[in-house]
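Chain residues, written in single-letter form:
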Amino acid sequence: MTGTIFDIQRFSLHDGPGIRTTVFFKGCPLRCLWCHNPESVSPQPVLAFYRDRCVRCGACAKACPNGAHELRDDAHLLHRDRCRACGACAAVCPVRALELVGRNATVADVMAVVARDSAYYAESGGGVTVSGGEPLMQPAFLAALLQACRSKGYHTCVETAGFAQGKAVEALVELADCIFLDYKTGEAEAARNWIGQPCDRILRNLALICNRHTHVHLRCPIVPSVNDTDAHFQAIADLAARYPNIRQVELLPYHDTAKAKYERFGLPNPLTGIAVPDTEVKERWLARLAQLGCRKAVLG
Ligand code: SF4
Ligand code: SF4
């Protein structure tokens, strides 16, 4: 069983209980304007170019079979339309200015990395977290990985935005020990504008997960001037009240730390000029939720 991943982070402390190993799946069907992992969106590997590291040696231009690198005068042009993500340029770059992000891996490959920290899982109450991207875009690989973790006794968390086929969601409910479920908006037009997909399927899956899985964390990105509205906070509080299986609501305040990533991957940053909320604003959001009766909320 093979899937496409773009990273495995060991000793992660923020992706679930205890010490965890987080496996990042590649590919996402949503196009959230505030995406912090733009390199995860394409299901294929993509080339990162750290322009400030480049010493203009020309090795990449010689190595590329498609003429994607062009060094002229004092400019290094990367013609991304010619790039086929073969990784030949990254392999010869002497200063790691190029990096191919995304690779095929078998379940056994991933488990070999995961197994290195099994002693820490046992000691800390940790385990394995699957993130992305959207893990449910690779449902068979996800199911096989979760089964492999279960057979070893590793606790599992899966982060999902819930835009997936019902069958994949049902398998997730069966196999994951904890689900971190995004809630970005419940309004059709806002969903089309902000996340690039309709939200009816997401809301159906949200209901399925929250009715059937006993350990759900609702994760709510809050973006000023996008979804920091009273109606949205009310909707979050209503969900938290309706579903006892939602153990915690995590507010994820907008931040702009992905700016450099958009440049590195040659992608347009769709959301600029948004003020990053300060501590006072974030505390006000939390207080508003408490006023609305939601006492399960924390700042993520
Ligand atoms: S990844 Fe391959 S195709 Fe893309 S620029 Fe590098 S050498 Fe050329
Ligand atoms: S191989 Fe690396 S350092 Fe050399 S020109 Fe290409 S990106 Fe720059």
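1. Some points on the state of the cysteines
The tally for this structure, following the rule as stated, stands at zero disulfides. Unpaired in terms of disulfides, Cys32 finds its nearest cysteine sulfur in Cys28, a separation of 6.3 Å. Residue Cys32 is classed as buried on the basis of its relative accessible area, which comes to 11%. Counting only cysteine sulfurs, Cys294 is the nearest neighbor of Cys220, a cysteine outside any disulfide, at a range of 8.4 Å.

2. A short note on the site of ligand 2
Near ligand 2 lie 13 residues; those nearest to it are Cys54, Cys57, Gly58, Cys60 and Cys93. Looking at the shell around ligand 2 residue by residue, the class counts come to ten nonpolar, two polar and one charged.

3. A short note on the site of ligand 1
Taken together, 13 residues lie around ligand 1, and Cys64, Cys83, Arg84, Cys86 and Cys89 are the ones closest in. Here the residues of the shell around ligand 1 sort into nine nonpolar, three polar and one charged.

4. Focus: the packing of helix α6 (residues 166-175) against helix α8 (residues 200-212)
Packing of α6 against α8 brings their axes to within 10 Å, and their N-to-C directions diverge by 20°. Put simply, α6 runs roughly parallel to α8. In this structure, α6 meets α8 at a crossing whose hand is right-handed. Touching Gly166, Val169, Glu170, Val173 and Glu174 of α6 are Asn205, Leu208, Ile209 and Arg212, all from α8.

5. Things to note about the packing of helix α9 (residues 230-242) against helix α11 (residues 279-291)
For the pair α9 and α11, interaxial distance at closest approach is 9 Å and the crossing angle is 55°. It follows from the interaxial angle that α9 and α11 lie oblique. For the pair α9 and α11, the sense of crossing is right-handed. On α11, the residues touching Asp230, Phe233, Ile236 and Ala237 of α9 are Trp285, Arg288 and Leu289. For the contact of α9 with α11, a count of residues per class yields five nonpolar, no polar and two charged.

6. Re α9
A rise of 1.5 Å per residue sets the reference length of α9, with its 13 residues, at 18 Å; its end C-alpha atoms lie 18 Å apart and thus fit the reference within 8%. Every buried residue of α9 is accounted for by His232, Phe233, Ile236, Ala237, Leu239 and Ala240. Buried residues in α9, looked at end-on, bunch into an arc of 160°, giving them a common side. Opposite the buried face of α9, at more than 90 degrees from it, the exposed residues are Ala241 and Arg242. Of the surrounding elements, those touching the buried residues of α9 are α8, β11 (216-222), β12 (246-253) and α11.

7. Side note on the packing of aromatic side chains
Considering all chains together, one arrives at five aromatic pairs under this definition. Summarising the aromatic geometry, the rings of Phe6 and Phe24 are spaced 5.5 Å apart at their centres and angled 50° between planes, so their arrangement reads as tilted. In this pair, Phe6 is assigned in strand β1 (residues 2-12) and Phe24 in strand β2 (residues 20-25), connecting sequence segments 18 residues apart. When sorted by exposure, Phe6 lands in the same class as Phe24, which is buried. With 5.1 Å between their ring centres and 35° between their planes, Phe25 and Phe141 make a pair best called tilted. Residue Phe25 is located in strand β2, and its partner Phe141 is located in helix α5 (residues 139-152); the two are separated by 116 residues in the primary sequence. Judged by relative accessible area, Phe141 falls into the buried class, the value being 2%. A cation over a ring is seen here: Arg201 above Phe163, with NZ or CZ 4.7 Å from the ring centre. If you follow Arg219 out to its NZ or CZ, it ends over the ring of Phe180, 4.3 Å from the centre.

Parameters at a glance
- Residues numbered from 1 in each chain as written.
- Chains lettered and ligands numbered in written order.
- Predicted model: local features only at pLDDT ≥ 70, side-chain atom pairs only at ≥ 80, totals over all residues.
- Heavy atoms only, no water.
- Disulfide = S-S within 2.5 Å.
- Buried < 20%, exposed > 50% of the residue type's maximum accessible area, 1.4 Å probe, protein only.
- Near = heavy atom within 4 Å.
- Nonpolar A, V, L, I, M, F, W, Y, C, P; charged D, E, K, R; others polar.
- Axes fitted to C-alpha atoms, helices over the stretch in contact; angles between N-to-C directions.
- Helix = DSSP H or I, 4+ residues; strand = E, 2+ residues; numbered from the N terminus.
- Parallel < 35°, antiparallel > 145°, perpendicular 65-115°, else oblique.
- Left-handed = near helix turned anticlockwise from the far one by under 90°.
- Contact = heavy atoms within 4.5 Å.
- Expected span 1.5 Å × (residues − 1).
- Arc of directions from axis to C-beta.
- Phe/Tyr/Trp six-rings, centres within 6.5 Å; stacked < 30°, edge-to-face > 60°.
- Lys NZ or Arg CZ within 6 Å of the ring centre and 35° of its normal.

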